[in-house]
Amino acid sequence: MNASATPERFSVMTGLILVMLASLPRYALEGHETRLTLLLMAAGVVAVAASFHWRMLEGSAKRQLPGLLKRLLACLLGGGLAIAVWQLISLGGVDAILLLSHGAALGLLIHVVSLLWRRPATD
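Per chain, residue numbering runs from 1 following the sequence as it is written. Only residues with pLDDT of 70 or above have their local features reported here, since the model is predicted, and side-chain atom pairs are shown and tallied only from 80 upward, although totals for entire chains, interfaces and linings are computed over all residues. Computation of side-chain values covers all heavy atoms of the structure but excludes hydrogens and water.

Looking up the chain in an unreviewed UniProt entry gives the name Transmembrane protein, with the organism given as Onishia taeanensis.

Q: For this particular structure, what's the right way to read the overall build of the chain?
A: Of regular secondary structure, the chain possesses four helices and zero strands. In this description a helix means any DSSP run of H or I spanning at least four residues, a strand means any run of E spanning at least two, and both kinds are numbered starting from the N terminus. Ordering the α and β elements of the chain from the N terminus gives α-α-α-α. Overall, the chain is about 45 × 30 × 25 Å in size when its C-alpha atoms are taken along their principal axes. Three labels apply to residues, based on accessible area from a 1.4 Å probe with only protein chains included: buried if under 20% of the type maximum, exposed if over 50%, partly exposed otherwise in between. When each of the 123 residues of the chain is scored for burial, the buried share is 30%. Of the roughly 8000 Å² of accessible surface on the chain, 68% is carried by carbon and sulfur atoms. Residue-level accessible areas treat just the shown protein chains as cover; the underlying method is Shrake-Rupley with a 1.4 Å probe.

Q: Looking at this structure, how should I read the packing of aromatic side chains?
A: Aromatic rings considered in pairs are described by the distance between their centres and by the relative angle of their planes. Each pair of aromatic rings taken from Phe, Tyr and Trp, with Trp reduced to its six-membered ring, is defined by centres within 6.5 Å and is described as stacked if the planes are under 30 degrees apart, edge-to-face if over 60, and tilted in the remaining cases. Scanning the model with the defined rule gives one aromatic pair in all. Ring centres of Phe-10 and Trp-54 lie 5.5 Å apart, and the angle between their planes is 50°; on these two criteria the pair is classed as tilted. With Phe-10 in helix H1 (residues 7–30) and Trp-54 in helix H2 (residues 33–56), this pair connects stretches of sequence that are 44 residues apart. Using a relative accessible area of 12% as the deciding quantity, one classes Phe-10 as buried.

Q: What am I meant to see in a nonpolar patch on the surface here?
A: Only residues whose relative accessible area exceeds 30% and that form no salt bridge enter a patch; like-charged residues are grouped when within 9 Å of one another, and nonpolar side chains (Val, Leu, Ile, Met, Phe, Trp, Tyr) when within 5 Å. Take a side-chain nitrogen of Lys or Arg and a carboxyl oxygen of Asp or Glu: if they are within 4 Å of each other, that pair is a salt bridge. On the surface, Leu-81, Val-85 and Ile-89 cluster together to form a nonpolar patch covering roughly 320 Å² of accessible area. Along the chain, Leu-81 falls in helix H3 (residues 59–91). Look at Leu-81 and you get exposed, because its relative accessible area is 57%.

Q: Where do I start with the side chain of Ser-11 in this structure?
A: Inspection of the secondary structure puts Ser-11 in helix H1. Polar contact is defined as a pair of N or O atoms within 3.5 Å, subject to the rule that within protein one atom must be able to donate a hydrogen and the other to accept it, and that residues adjacent in sequence are counted only when both atoms are side-chain atoms. Looking at Ser-11, its side chain comes within polar contact range of the main-chain oxygen of Glu-8, at 2.8 Å. Not counting the four nearest positions on each side in its chain, Ser-11 is found in contact with Leu-68, Leu-69, Leu-72, His-111 and Leu-115. Contacts between residues were defined by any pair of non-hydrogen atoms, one from each residue, lying within 4.5 Å.

Q: Help me understand the domain arrangement of the chain, please; the structure alone is not making it clear to me.
A: Where interface size is given, it is often the accessible area lost as the parts come together that is meant. Per the annotation, domain bounds derive from an automatic or database assignment of domains. Along its sequence, the chain is carved into domain 1 (1–56) and domain 2 (64–122). Between the C-alpha centres of domain 1 and domain 2 the distance comes to 16 Å. In total, about 1400 Å² of surface goes out of reach between domain 1 and domain 2, with carbon and sulfur atoms giving 82% of it. In short, buried area is how much 1.4 Å probe accessible area vanishes from two parts on joining, totalled over both. Looking only at domain 1, the three residues that lose the most surface to domain 2 are Ser-11, Val-19 and Arg-26, adding up to 32% of its buried area. Inspection of the region where domain 1 meets domain 2 yields zero salt bridges. Summed over the shared surface of domain 1 and domain 2, the result is two residue pairs in polar contact (both at pLDDT 80 or more). Here the side of domain 1 that touches domain 2 gets 15 residues from one element, more than from any other, and that element is H1. Basically, the charged four are Asp, Glu, Lys and Arg, the nonpolar ten are Ala, Val, Leu, Ile, Met, Phe, Trp, Tyr, Cys and Pro, and anything else, Gly included, counts as polar. Split into classes, the residues belonging to the side of domain 1 that touches domain 2 amount to ten nonpolar, four polar and two charged.

Q: Would you mind going over the packing of H1 against helix H4 (residues 96–118) with me for this structure?
A: Running from amino to carboxyl end, H1 crosses H4 at an angle of 165°, the nearest separation of the two axes being 8 Å. With respect to each other, H1 and H4 are oriented roughly antiparallel. Between H1 and H4 lies a crossing whose hand is left-handed. Here Glu-8, Ser-11, Val-12, Gly-15, Leu-16, Val-19, Ala-22, Ser-23, Pro-25, Arg-26 and Leu-29 of H1 come into contact with H4, specifically with Ile-97, Leu-98, Leu-100, Ser-101, His-102, Ala-104, Ala-105, Leu-108, His-111, Val-112, Leu-115 and Arg-118. Geometry is summarised by axes, namely lines fitted to C-alpha atoms with helices restricted to the contacting stretch, and by angles between N-to-C directions that run from 0 to 180 degrees. In these notes the angle categories are as follows: under 35 degrees is roughly parallel, over 145 is roughly antiparallel, 65 to 115 is roughly perpendicular, and the rest is oblique. With the far helix as reference, a near helix turned anticlockwise by less than a right angle produces a left-handed crossing, and one turned clockwise produces a right-handed crossing.

And the structure:
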């Protein structure tokens, strides 16, 4: 396996942490303490991995991060908007807790797919 530190991977790890944190209210309100604990532990593990990844990034890669993080934020907001529209159509209203967790997950998916489309071909 030839994995190297890239700003794209760091932005995806940041997005994954945000998705996990966005799901916390859902599990807390529904009384799923075991899932809540596991989610917090997983978020902690990803945060530690992201911090190591940050330290391995070169200076030029770190300068790319503000643009990638803005793109991640835009994707998260777009995912939230798409889920809100879907909930309005299918449910007749918006469930804020589901909107937060599902919107963040969809936004991260959009971010990852957009990064894959943008990636140059290596042959």
